[in-house]
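# Chain and residue survey
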Amino acid sequence: MRVTSMVPDMQYDIQQSQQTLNTALQQVASGLRVNQLSDDPSASANMVSSLATSASVDQYTTNDTAATSLMQTADSAFSSLVTSLNSAITIGTEGANSTENTSNRQALASQLQGILTDVIGQANTTYQGAYIFGGSATTTPPFVAASTTYTSANGSAASPLSAATALTAGSVTSISDATTGQTMVFKAKAGNTIATLQAAIASAVSAGTLSAGTTATINASEQLQIGSAGGIVVSSNDAVLGSMSAVSGTSVANAYAYVGNSNINTVQVGDSMNIATNVPGNTVFTLGANVLGSLSGLISALQGGNTTSIGNATTAVSTAVNYVAEQRVPLDNNITQLNSQESFLSQEKVTLTTQQTSLVGINLAEASSNLSQAELDNNAALAAAAKAMPNSLLTYLQQ
Amino acid sequence: MGSLSTSLSIAVQSLNAASGSLQITNNNIANANTPGYSREVANLQEGPSEPEGNYSEGTGVVLAGYQSVRDELVQNQIQQETQSQSQANAQLATMQQIEPTFTTSTDDIGTQMSALFSSISALSTSPTSSSARQSVLTAGQNLVTAFNSASSTLTTQQTSLNTQVSQDVSQINQLSQQIAALNPQLVQAQATGQDTGTMQDQQDQLVLKLSALTNVAITQTNDGVTLTTGNGTPLVVGSQSYNLQTETGTGGMTQVLDQNGTNITGSIASGDLGGTIQTRDTTIPGLMTQLDTLANQVGTAFNTAQAAGTDQNGNAGQDFFNVPTTVAGSAGAISMALSDPAQIAASSDGTAGGTGNLTAFSAIQTAALPSGKTPSDAYSSLVYQVGSLTANANAESSATTASLKQLNDQLASVSGVSIDEESANLITYQQAYEAAARVVSTIQSLFSVTMSMGTAAAE
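A brief report on the enclosed structure follows. Keep in mind that this is a model prediction, so the values were computed, not measured. (Residues numbered from 1 in each chain as written. Chains lettered and ligands numbered in written order. Predicted model: local features only at pLDDT ≥ 70, side-chain atom pairs only at ≥ 80, totals over all residues. Heavy atoms only, no water.)

### Some points on the overall build of chain A
- A count of helices and strands for chain A gives nine helices and 11 strands.
- Relative to a compact globule of 399 residues, whose C-alpha radius of gyration would be 21 Å, chain A shows 38 Å and is clearly more extended.
- If you line up chain A on its principal axes, its C-alpha atoms span 130 × 60 × 30 Å.
- For chain A, the proportion of its 399 residues judged to be buried stands at 45%.
- Considering only contacts in chain A between residues 6 or more positions apart, those separated by 24 or more positions represent 73%.
- Summing over all exposed atoms, chain A offers an accessible surface of approximately 18,300 Å²; the carbon and sulfur share of this is 54%.
- The average position of the 8 basic charges and that of the 21 acidic charges among the side chains of chain A differ by 8 Å. (Helix = DSSP H or I, 4+ residues; strand = E, 2+ residues; numbered from the N terminus. Rg over C-alpha atoms; globule rule 2.2 N^0.38 Å. Buried < 20%, exposed > 50% of the residue type's maximum accessible area, 1.4 Å probe, protein only. Contact = heavy atoms within 4.5 Å. Areas by Shrake-Rupley, 256 points an atom, 1.4 Å probe, with all protein chains shown as cover. Lys, Arg positive; Asp, Glu negative; His and termini not counted. Charge placed at Lys NZ, Arg CZ, Asp CG, Glu CD.)

### Notes on the overall build of chain B
- The secondary structure content of chain B amounts to 10 helices and 12 strands.
- The C-alpha radius of gyration computed for chain B amounts to 38 Å, which surpasses the reference 23 Å derived for 459 residues by more than 25%, pointing to a less compact arrangement than a globule.
- The principal-axis extents of the C-alpha atoms in chain B amount to approximately 145 × 45 × 30 Å.
- Counting every position in chain B, which comprises 459 residues, the buried fraction comes to 46%.
- Long-range contacts, defined as pairs at least 24 residues apart, comprise 69% of the intrachain contacts of chain B with a sequence gap of at least 6.
- Counting only carbon and sulfur atoms, one obtains 50% of the accessible surface of chain B, whose full area is about 20,200 Å².
- Between the averaged position of the 8 positive side-chain charges in chain B and that of its 33 negative side-chain charges there is a distance of 5 Å.

### Section: the pattern of salt bridges
Residues and elements named next belong to chain B.
- Scanning the entire structure with this criterion turns up 12 salt bridges over all chains.
- Ionic pairing is found between Asp-281 and Arg-280, a salt bridge with its closest N-O pair at 2.7 Å.
- Taking relative accessible area as the criterion, Asp-281 reaches 33% and is therefore assigned partly exposed.
- On the basis of relative accessibility, which here comes to 0%, the residue Arg-280 falls in the buried class.
- Notably, a salt bridge pairs Asp-409 with Lys-405, separated by 3.4 Å at the nearest N-O pair. Linking Asp-409 with Lys-405, this pair stays in helix 9 (residues 375–415), spanning four residues, or about one helical turn.
- A residue is classified by how much of its surface remains accessible, and Lys-405, at 18% relative accessible area, is buried.
- In the salt-bridge network here, residues are joined through shared partners; they are Arg-70, Glu-72, Asp-201 and Asp-204. (Salt bridge = Lys/Arg side-chain N within 4 Å of Asp/Glu carboxyl O.)

### What to know about the environment of Pro-370 of chain B
- Take Pro-370 of chain B: it is sitting in the loop between helix 8 (358–366) and helix 9.
- Between the C-alpha atom of Pro-370 of chain B and that of Leu-206 of chain B, which follows or precedes it by 164 residues, the distance is 53 Å.

### Things to note about the interface of chain A and chain B
- Taken residue by residue, the interface counts 39 residues in chain A and 49 residues in chain B.
- Surface buried jointly by chain A and chain B totals about 3,400 Å² across both partners, of which 57% is contributed by carbon and sulfur atoms.
- Per-residue buried area on chain A facing chain B is highest for Arg-2, Tyr-12 and Leu-37 of chain A; these three make up 20% of the total on that side.
- At the boundary of chain A with chain B, the tally comes to two salt bridges.
- In this structure, Asp-9 of chain A and Lys-405 of chain B form a salt bridge, with 3.1 Å as the shortest nitrogen-oxygen distance.
- For the interface between chain A and chain B, the tally reads 17 residue pairs in polar contact (both at pLDDT 80 or more).
- At the level of secondary structure, the elements contributing two or more residues to the side of chain A that touches chain B comprise helix 1 (7–30), helix 2 (41–96), strand 10 (266–270) and helix 9 (393–398) of chain A.
- At 14 residues, helix 2 of chain A tops the list of elements feeding residues into the side of chain A that touches chain B.
- Along the lines of polarity and charge, the residues of the side of chain A that touches chain B split into 18 nonpolar, 19 polar and two charged. (Buried area = accessible area lost by both parts, 1.4 Å probe. Polar contact = N/O pair within 3.5 Å; in protein donor to acceptor, adjacent residues only side chain to side chain. Nonpolar A, V, L, I, M, F, W, Y, C, P; charged D, E, K, R; others polar.)

### Brief notes about the pairing of strand 3 (residues 143–152) of chain A
Residue and element names in this part refer to chain A.
- Here strand 3 lies mainly inside the structure; seven of its 10 residues are buried.
- Of the strand pairs in this sheet, strand 3 and strand 9 (residues 251–258) are connected by four bridges, and their pairing is antiparallel. Note that in strand 9 the partner of Val-144 across the bridge is Ala-257.
- Pairing geometry for strand 3 and strand 7 (residues 224–236), over four bridges, is antiparallel. Of the residues in strand 7, the one forming a bridge with Thr-151 is Gln-225. (Pairing = 2+ DSSP bridges.)

### Here's the deal with the packing of helix 3 (residues 109–123) of chain B against helix 8 of chain B
Residue and element names in this part refer to chain B.
- At a closest axis distance of 10 Å, the pairing of helix 3 and helix 8 adopts a crossing angle of 155 degrees. In this view, helix 3 runs roughly antiparallel relative to helix 8, as classed from their interaxial angle. Crossing geometry of helix 3 relative to helix 8 is assigned as left-handed. In this structure, helix 3 uses Phe-117, Ile-120 and Leu-123 to contact helix 8, whose residues at the interface are Leu-358, Phe-361, Ser-362, Ile-364 and Gln-365.
- Residues belonging to the contact of helix 3 with helix 8 are distributed by class as follows: six nonpolar, two polar and no charged. (Axes fitted to C-alpha atoms, helices over the stretch in contact; angles between N-to-C directions. Parallel < 35°, antiparallel > 145°, perpendicular 65-115°, else oblique. Left-handed = near helix turned anticlockwise from the far one by under 90°.)

### Quick notes on the pairing of strand 10 of chain A
Residue and element names in this part refer to chain A.
- Judged by how many residues are buried, strand 10 sits mostly within the fold: four of five residues are covered.
- Relative to strand 11 (residues 273–276), strand 10 is paired through four bridges, and the arrangement is antiparallel. What sits directly across from Gly-270, in strand 11, is Met-273.

### Focus: helix 4 (residues 194–207) of chain A
All names here are of chain A.
- Over its 14 residues, helix 4 runs 20 Å from end to end, which matches the ideal 20 Å to within 8%, given 1.5 Å per residue.
- Of all the positions in helix 4, only Ile-194, Leu-197, Ile-201 and Ala-204 are classed as buried. Down the axis, helix 4 shows its buried residues gathered within 70 degrees of arc, on one side only. Facing away from the buried surface of helix 4 by more than 90 degrees, the exposed residues are Ser-206 and Ala-207.
- Residues of helix 4 that are buried in the fold lie against strand 4 (172–177), strand 5 (183–187), strand 6 (215–218) and strand 7.
- Looking at the residues trailing helix 4, positive phi occurs at Gly-208, about 90 degrees. (Expected span 1.5 Å × (residues − 1). Arc of directions from axis to C-beta.)

### Here's the deal with unusual backbone geometry
Residue and element names in this part refer to chain A.
- With a phi angle near 65 degrees, Glu-222 is a residue other than glycine that sits in the positive phi range.
- In this structure, Glu-222 sits in the loop between strand 6 and strand 7.
- The backbone of Asn-254 shows a phi angle near 65 degrees, a positive value even though the residue is not glycine.
- Its place among the elements puts Asn-254 in strand 9.
- Relative accessible area serves as the criterion here: at 17%, Asn-254 is assigned to the buried category.

### Let's talk about the sheet that holds strand 6 (residues 224–229) of chain B
All names here are of chain B.
- Strands sit in the order 5-6-7-8 across an open sheet of four strands; the sheet is antiparallel. Looking along the sheet, the strands with just one partner apiece sit at the ends: strand 5 (217–221) and strand 8 (240–241).
- Taken together, the three bridges between strand 6 and strand 7 (residues 233–237) define a ladder with antiparallel strand orientation. Bridging from a neighbouring strand, Leu-227 pairs with Val-236 of strand 7.

### A closer look at the packing of aromatic side chains
- A complete count under the given rule lists 11 aromatic pairs over all chains for this structure.
- Ring geometry for Phe-143 of chain A and Tyr-258 of chain A: centres 5.1 Å apart, planes at 45 degrees, overall tilted. Linking Phe-143 of chain A in strand 3 with Tyr-258 of chain A in strand 9, this pair joins segments that are 115 residues apart in sequence.
- On the basis of relative accessible area, Phe-143 of chain A is assigned to the buried category, the value being 3%.
- Here Tyr-258 of chain A falls in the buried class, since its relative accessible area comes to 2%.
- Residues Phe-302 of chain B and Phe-321 of chain B carry aromatic rings whose centres are separated by 5.6 Å and whose planes lie at 75 degrees to one another, so their mutual orientation is edge-to-face. Here Phe-302 of chain B, found in helix 6 (residues 271–307), pairs with Phe-321 of chain B, found in strand 11 (residues 321–322); they are 19 residues apart in sequence, far enough to count as distant. (Phe/Tyr/Trp six-rings, centres within 6.5 Å; stacked < 30°, edge-to-face > 60°.)

### Comments concerning the packing of helix 6 (residues 291–304) of chain A against helix 7 (residues 307–360) of chain A
All names here are of chain A.
- Running from amino to carboxyl end, helix 6 crosses helix 7 at an angle of 160 degrees, the nearest separation of the two axes being 9 Å. The orientation of helix 6 relative to helix 7 falls into the category roughly antiparallel. The two elements helix 6 and helix 7 meet at a crossing, and its hand is left-handed. Within the contact between the two elements, helix 6 uses Val-291, Ser-294, Leu-295, Gly-297, Leu-298, Ala-301 and Leu-302 and helix 7 uses Ser-309, Ile-310, Ala-313, Thr-314, Ala-316, Val-317, Ala-320 and Val-324.
- For the contact of helix 6 with helix 7, the class distribution of residues is 11 nonpolar, four polar and no charged.

Printed below as a string of structure tokens:
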């Protein structure tokens, strides 16, 4: 073949070797084999899924840590609760001793009131501003001091409420009973009146949700009045009734009602793993062995001075301690589960990082050797060009 | 028997031949680096012999003219390959502009989608935290920005390609006119036996430029070269050139029409115009549809999840995103509908601290959209397509570049100027000239001797 000029070929070769050198250099400098999608479209697409999984794993790890902290706070509250209840048992045992006199028993009852206040504090524990024993109602304290009588803001001689007064459809009125530890929630439908609410309360009393004697009446001031001797907490968002508030001086000593709900919030810590992060306060403090009720009972027994009653009430608190221990088990199990999930996620992260490195990362030894080879090739191309370019017949003719 | 005058005449012809050859060597050296130049060689022929009794005598050398050394077949292959190269380059240039938008970064769609799902997951640990709620809104807005920005990149590229169509058509018309103008000159020069090398080079270069713009079929006729594009639309026939026209079609896209007003946009297969039209009308709309579908379906899925829950104030969840009713244009038009962090419908039981409905949001990440793919899979499929289109255009561009280099080497081996060869020719013709000059000088001295013979006899 007749060769006319070597310049285009040399330029092409130099260009090619420089491109290879540039690629090798970029790979070593970035640590990545795939710097743009077109370097390996398939690996780039797989990276999208891998990075999405990675982001989920990172978030699950953060959620795990946050849930663990929250549940450890709940667990601490349980610890304190057990300590408080054990103190109450000691006080009760002391009070049941027939040698104790009335004055001592009153002093013991006062101590126990302090313990009850502590327990309410534990029941209203917050984590980062949210009440952890309120179910999904985390914005307000779940345990509220109960009163015997609540009246509506609306209703007057000029504008009286009556059994026939229509309620606002969709509005919610709830009555939390300190004695039963349960809550009646009445959601008004179209056409419901105060009489409907009164009937619902009567049904709740029959069902045992509310204590016997809980009634809703229209008082002398033409307001709706809801009352219960054992103590209740009433709330309503019905504009017809206005807000419900406790009548001054009707608070019941040592009685607290649960105004939270029974819902459980969960946190996702794995693709198909959700962990319950809260224990609704009613299951711990008012239902079952009724922790709060047993403490109130012991206070009353100490104040009454009957050793048999004190003994029985102390036994009730002992039962409550065991009940609390039972309730604590699922919580502790969840903490254990969160710890093992954290280890799993950390391992998963390592696996994903390895996968990502193999998808788009470089093998350093191979990339370094490629770089050396590319440098060598480039130098050779330049040296060959430098050697060949000045060669011309004219050069020799001039000599 | 030949006379001194005959010898002198032969020597003068020799001088002419050597001088002419030197001139053509000079011209070759001068044009050694001129693009498209085909080397020329002197056509030296032996002079007709003259009978002298029983034998005949040579009459020297005749410079019959110059001949351009060409290989039309390779030239034609170069033109064809140039069409493919320009098409691949047009596609590559656009895809390289689009590629970074879909490359994993801090603000690409994939990253922003993951960030949105992470922010929702984080909200489940503190549903009443206003900063956690604000994070969800911010992540939602970032995803909207990523969709809008990707859509804008595709639209901008499409608009810029649309402008390129008009520019290409204008250049094609200009080149067609120049090629057509050369046809009669070439035909006339060939008819009169003139050297057409320079004109041929000029026309080949123009056809090459035209090949870089569109697919061109070349036919040699008695009236010169005939060029057609598309599926046979004439551009040049003899001395006549036919201008392509443009008109604005659906969606503002410039359409290419032949001289009769027939739309030939779809039949422009290669060259810059072919690559530009293909990228504008097929590649980008394909990507845009996938992007719009993803934006529309993800947006709708979030709105459905919102509607299933209640916000922090106990109200039924409102739309999360403003999603257009039609899929087309969704990625560009999607926007945030929520403005207040409290409006995120995290709760399923109406309480402010409820997180029951967040699972509906999280489920979007793993559930198949109406397209049959999860959001992440749909996006990774889009990423694969962008990467694959760019890689294919790149490979095609590299392959045609290598192939063109090969063809150019082949053509240069025939038509290219070798400085070494021309240097040797220079010496050869210089020596030939010197030798012929010596013959003239010898004949001159012979003439002098002959002339002085008479003078000496007289003395």
